[in-house]
Amino acid sequence: MVLVLLNMAMPASFALAQWVPATCADTDAECASKAGQQHFAKKIEFWKQALILPVEKRVAVAPPELVDFLRLDNIAQSIPNKPRAPVLAEDFVREVMAAFDELPQSVKSQLTTKLVGIYFIEDIGGTGFTDVVVDSSGKEVAGFVVLDPSVLLQQTANGWATWKENTPFKPSTEFRLTAEIEEESQNTRKNAIQYILLHELAHVISIGGNVHPSWNVEPRDIASLLPYRYFRLSWTRSKDRSGYVSLFDEAFPQRKDVVYYFGARLAANTMAATYESLERTNFVTLYGATRPGDDFAEAFASYVHSVTMKRPFLIHIYQNGKQVKSFDACWSLPRCADKRQLIEQLLEAKVTVNQSTPPFGK
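Residues numbered from 1 in each chain as written. Predicted model: local features only at pLDDT ≥ 70, side-chain atom pairs only at ≥ 80, totals over all residues. Heavy atoms only, no water.

Student: I tried to follow the state of the cysteines on my own but got confused; where do I start?
Tutor: Working definition: the covalent bond between the sulfur atoms of two cysteines is a disulfide. Under the criterion given, the structure shown has two disulfides. Across the disulfide from Cys24 sits Cys31; the S-S distance is 2.0 Å. Across the S-S bond linking Cys24 and Cys31, the dihedral sits near -75 degrees, which makes this disulfide left-handed. Looking at Cys24, the relative accessible area reads 7%, which means it is buried. Relative accessible area serves as the criterion here: at 27%, Cys31 is assigned to the partly exposed category. For Cys330, the disulfide goes to Cys336, at an S-S distance of 1.9 Å. On the S-S bond that ties Cys330 to Cys336, the torsion sits near -95 degrees, and the link is left-handed. Since its relative accessible area comes to 0%, Cys336 is described here as buried. Counting only the cysteines that take part in disulfides, in the order they occur along the protein, gives the pairing 1-2, 3-4. (Disulfide = S-S within 2.5 Å. Buried < 20%, exposed > 50% of the residue type's maximum accessible area, 1.4 Å probe, protein only.)

Student: Would you explain the packing of helix H2 (residues 29-37) against helix H4 (residues 64-76) in this entry?
Tutor: Axis angle and axis distance: for two packed helices, these are the angle between their axes and the distance between the axes, and together they describe the pair. Contact geometry of H2 with H4 gives a least axis separation of 8 Å together with a crossing angle of 140 degrees. The pairing of H2 with H4 is recorded here as oblique in orientation. The chirality of how H2 crosses H4 is left-handed. When H2 is examined against H4, the residues Ala29, Ala32, Ser33, Ala35 and Gly36 are found in contact with a partner set consisting of Phe69, Leu72, Ile75 and Ala76. Among the residues forming the contact of H2 with H4, the class breakdown is seven nonpolar, two polar and no charged. (Axes fitted to C-alpha atoms, helices over the stretch in contact; angles between N-to-C directions. Helix = DSSP H or I, 4+ residues; strand = E, 2+ residues; numbered from the N terminus. Parallel < 35°, antiparallel > 145°, perpendicular 65-115°, else oblique. Left-handed = near helix turned anticlockwise from the far one by under 90°. Contact = heavy atoms within 4.5 Å. Nonpolar A, V, L, I, M, F, W, Y, C, P; charged D, E, K, R; others polar.)

Student: Is there a simple way to explain the pairing of strand E8 (residues 314-319) in this structure?
Tutor: Along any regular strand, the residues point their side chains to alternate faces of the sheet. Relative to E8, strand E5 (residues 175-180) runs antiparallel, the two being bridged by six bridges. What sits directly across from Thr178, in E8, is His316. Pairing analysis gives six bridges linking E8 to strand E9 (residues 322-328), with the strands arranged antiparallel. Following the sheet pairing, His316 is matched in E9 by Ser326. Linking E8 back to E9 in an antiparallel pair, the connection comprises two residues, with Asn320 at a positive phi of about 50 degrees. (Pairing = 2+ DSSP bridges.)

Student: I would appreciate a short explanation of the packing of aromatic side chains in the present structure.
Tutor: Two descriptors summarise a pair of aromatic rings, namely the distance from one centre to the other and the angle between the planes of the rings. Applying the stated criterion across every chain yields a total of 20 aromatic pairs. Both rings, one in Trp163 and one in Tyr261, keep their centres 5.5 Å apart while their planes meet at 35 degrees; by these two values the pair is tilted. Of this pair, Trp163 sits in helix H8 (residues 157-166) while Tyr261 sits in the loop between strand E7 (244-246) and helix H11 (271-278), and the two are 98 residues apart along the sequence. For Trp163, a relative accessible area of 35% puts it in the partly exposed group. (Phe/Tyr/Trp six-rings, centres within 6.5 Å; stacked < 30°, edge-to-face > 60°.)

Structure follows, in structure tokens:
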């Protein structure tokens, strides 16, 4: 099966004759943004053949169209990385397939009509990436996940989580943070991939539902926030309607400076205070406090990982080698009770082929 995956023919839906790569210069963000919005890889007709496959077989090296879309997205966001199709090792593909296969059926059942596939691209500027696919009327109906094997090949589960959770803080010799998402016997690359997949698949599951507003629609263009029950637990629109603001910014003053991956703003000596402030909110993780889409994706991944799959989620903060703060998953605590209820409703929902009932009901 692995050899078939590595050498699989381009599905018929990837109609190369209908596509010409955009000619935007590497410095032309406006051109790249416009081209990306209309890109062929964002159209559901491009992925029809992929959707015929069983969901667990929608895994492959990305077609050129998707690589081109990621290139444009990086230009639009001023990310210097240059996406390209990778050559995959068999053991890595095996681990990705195993990571997906071991996910609970309650997760996989949400993906049958929504996930057009998991695709590999190198040098994307992060670990994973998810975006929406629209139908002929422009309605968001599905999504794709992109994973960067050049990043994933280097990490065990705890190593990856520790790296990620340190990125909001400036380096320090006095303060350090460690993250534990697996027992030592399960601290493998495959389980790092699985946690990353949970986060990215949560983004796919949220598409077209009433979880949170689309990340591709300007906040001022959202007619009403009332349908988004999960979103309204933590967020509202800014007074000028140009963005979203947390309901907890007074209790969590550090939130505005939480930036992951690029450009740490928080001093290392604020690690403990930042997590103490986080505990005064209903955000499940620090990354979840950055934006509405990642709020849901982080909570969903944490719940499935910690509650359904019974794996650890622990943050330890040290000063000069002495632990000064620990942070655990919040699912047994009152502060996360409302989010737990909505995620459990979603996981218990019976998903039909037509996906006619949005998550959480009306």
